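Examination of the molecular architecture
Given next are the chains, with one letter for each unit.
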Amino acid sequence: MKPMYHENQSRGLSDHGWLKSRHTFSFADYYNPESMNFGLLRVLNDDIVTPSMGFGTHPHENMEIISIPLSGALRHQDSMGNKHIISTGEVQIMSAGRGITHSEYNDSFSEDVNFLQIWVLPKERDITPRYDQKLFDEGNRKNRFQLLVAPENSEETVLINQDAWFSLADIEAEKQVIYEKNDKKNGVYFFVIEGNVNIDGNPVKRRDGLGIVEGETYPIVAQSKAQLLAIEVPLVD
């Protein structure tokens, strides 16, 4: 099967003034029938929110929602009683389960916040809602993949209600890393946060995405200093 490729500028764009969002997959007013999902990965939004602005209280259910700040910090509050600041270096996950409400605001009065908002369809529906966040040591992903999100309980990762794994790598120019699937039946969607890389023979640039189904290991060579997110998900529910 041919890899699914999304070039940076081909993504959907929503500009609300206070929010500029790039949508890899169909979302809200952006609809592209050829870009609905990659397996159970349903949403990958690259959001920039202006100072003090954000998303007012709104509901979710039966979705795994992961937020990864790339710069700045988010102020989170939800119906489970959680009130947290999520900063660069941290990963947040909400298992919405049978239903939650939450709000998310830029915690700064002067600087934008840029974060990835990622939705994955859950393994079990109508579970008790759950929240988690964790700060990761960036030194543990230099020229290697650091596991962030996993389906097993661990102090080293945040827990997701799905057979899915998220990993992040900071790669020096001309260095090679290998991504190996955790489950050979899954597919892997690679999102280049910074830099340019070659993934299994495919050139991929900053904020491009590449979804690969075939194979189990993927050699990745950085053409420049790069940061790469790997999202491994089941292909069918």
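All values derive from a computational prediction rather than experimental measurement. (Residues numbered from 1 in each chain as written. Predicted model: local features only at pLDDT ≥ 70, side-chain atom pairs only at ≥ 80, totals over all residues. Heavy atoms only, no water.)

The buried count for strand β22 (residues 226–233) comes to eight of eight residues, which makes it a mostly enclosed element. Neither face of β22 is left uncovered, since the one carrying Ala226, Leu228, Ala230 and Glu232 and the one carrying Gln227, Leu229, Ile231 and Val233 both have all their residues buried. Two strands pair when backbone bridges link them, and strand β15 (residues 165–171) and β22 are joined in this way by seven bridges, in the antiparallel orientation. When the bridges of β22 are listed, isoleucine 171 appears paired with alanine 226. With seven bridges connecting them, strand β17 (residues 187–194) and β22 associate as antiparallel partners. Following the sheet pairing, glutamate 194 is matched in β22 by glutamine 227. (Buried < 20%, exposed > 50% of the residue type's maximum accessible area, 1.4 Å probe, protein only. Helix = DSSP H or I, 4+ residues; strand = E, 2+ residues; numbered from the N terminus. Pairing = 2+ DSSP bridges.)

Attention now goes to the nonpolar core. Membership of the largest hydrophobic core comes to 27 residues, with the highest contact counts inside it found for Leu41, Ile66, Ile118, Val120, Phe166 and Leu229. Those residues in contact with leucine 41 that sit more than four places away from it in its chain are Phe25, Ile118, Trp119, Val120, Tyr189, Ile231 and Val233. Core analysis: the next-biggest nonpolar cluster, separate from the first, contains 19 residues, Ala169, Ile212, Ala222 and Ala230 among them. (Core = buried A, V, L, I, M, F, W, Y, C linked by side-chain atoms within 4.5 Å. Contact = heavy atoms within 4.5 Å.)

Attention shifts here to the sheet that holds β15. Across the sheet, seven strands lie side by side as β1-β20-β17-β22-β15-β13-β14; this open sheet has mixed pairing. Each edge of the sheet is formed by a strand with only one pairing partner; in this case those strands are β1 (4–6) and β14 (158–159). As defined by bridge partners, strand β13 (residues 145–150) adjoins β14 across two bridges and the pair is classed as parallel. Bridging from a neighbouring strand, valine 149 pairs with valine 158 of β14.

Right, let's get into the layout of surface pockets. In this structure, the largest pocket spans a volume of roughly 310 Å³. Surrounding the largest pocket, 21 residues form its lining, Leu19, Phe27, Asp47, Phe55 and Gln117 being those nearest its centre. Of the residues belonging to the lining of the largest pocket, the class tally is eight nonpolar, 10 polar and three charged. (1 Å grid on protein atoms, 1.4 Å probe; cavity = no way out; pocket = protein on both sides within 12 Å on 5 of 7 lines; lining within 4 Å. Points joined across faces, edges and corners; volume = space filled by probe spheres on them. Nonpolar A, V, L, I, M, F, W, Y, C, P; charged D, E, K, R; others polar.)

What follows covers the sheet that holds strand β18 (residues 197–199). With antiparallel pairing, the four strands of this open sheet are ordered in space as β16-β21-β18-β19. Each of the sheet's edge strands pairs with one partner strand only, and the pair in question is β16 (176–180) and β19 (202–204). Along the sheet, successive strands turn relative to each other by an average axial angle of 25 degrees, direction set aside. (Axes fitted to C-alpha atoms, helices over the stretch in contact; angles between N-to-C directions.)

With that settled, the discussion passes to the pattern of salt bridges. If you walk through the whole model with that rule in mind, you get 11 salt bridges. When the shortest N-O distance is used, the salt bridge between arginine 75 and aspartate 107 registers 3.4 Å. Linking arginine 75 in strand β7 (residues 73–78) with aspartate 107 in the loop between β10 (100–106) and β11 (113–120), this pair joins segments that are 32 residues apart in sequence. Put simply, lysine 185 and aspartate 183 hold a salt bridge, and the shortest N to O gap is 3.2 Å. You can call aspartate 183 buried: its relative accessible area is 18%. One salt-bridge network, held together by shared partners, links Arg11, Asp46, Glu194, Arg206 and Arg207. (Salt bridge = Lys/Arg side-chain N within 4 Å of Asp/Glu carboxyl O.)

Right, let's talk about the environment of serine 14 for a bit. Mapping serine 14 onto the fold places it in strand β2 (residues 12–15). For serine 14, a relative accessible area of 10% translates into the label buried. Linking serine 14 and threonine 128, residues 114 residues apart in sequence, is a C-alpha distance of 32 Å. Those residues in contact with serine 14, other than ones at most four positions away along the chain, are Leu19, Lys20, Ser21 and His23.

In this section: the side chain of arginine 22. Mapped onto the elements of the fold, arginine 22 is located in strand β3 (residues 19–23). Put simply, arginine 22 is tucked away with no salt bridge, and the nearest opposite charge, on aspartate 46, sits 7.1 Å away. Within the structure, the side chain of arginine 22 is placed 3.0 Å from the backbone oxygen of arginine 11, a separation counted as a polar contact. Setting aside residues no more than four positions away along its own chain, arginine 22 makes contact with Asn8, Gln9, Arg11, Gly12, Leu13, Leu44, Asn45 and Asp46. (Lys, Arg positive; Asp, Glu negative; His and termini not counted. Polar contact = N/O pair within 3.5 Å; in protein donor to acceptor, adjacent residues only side chain to side chain.)

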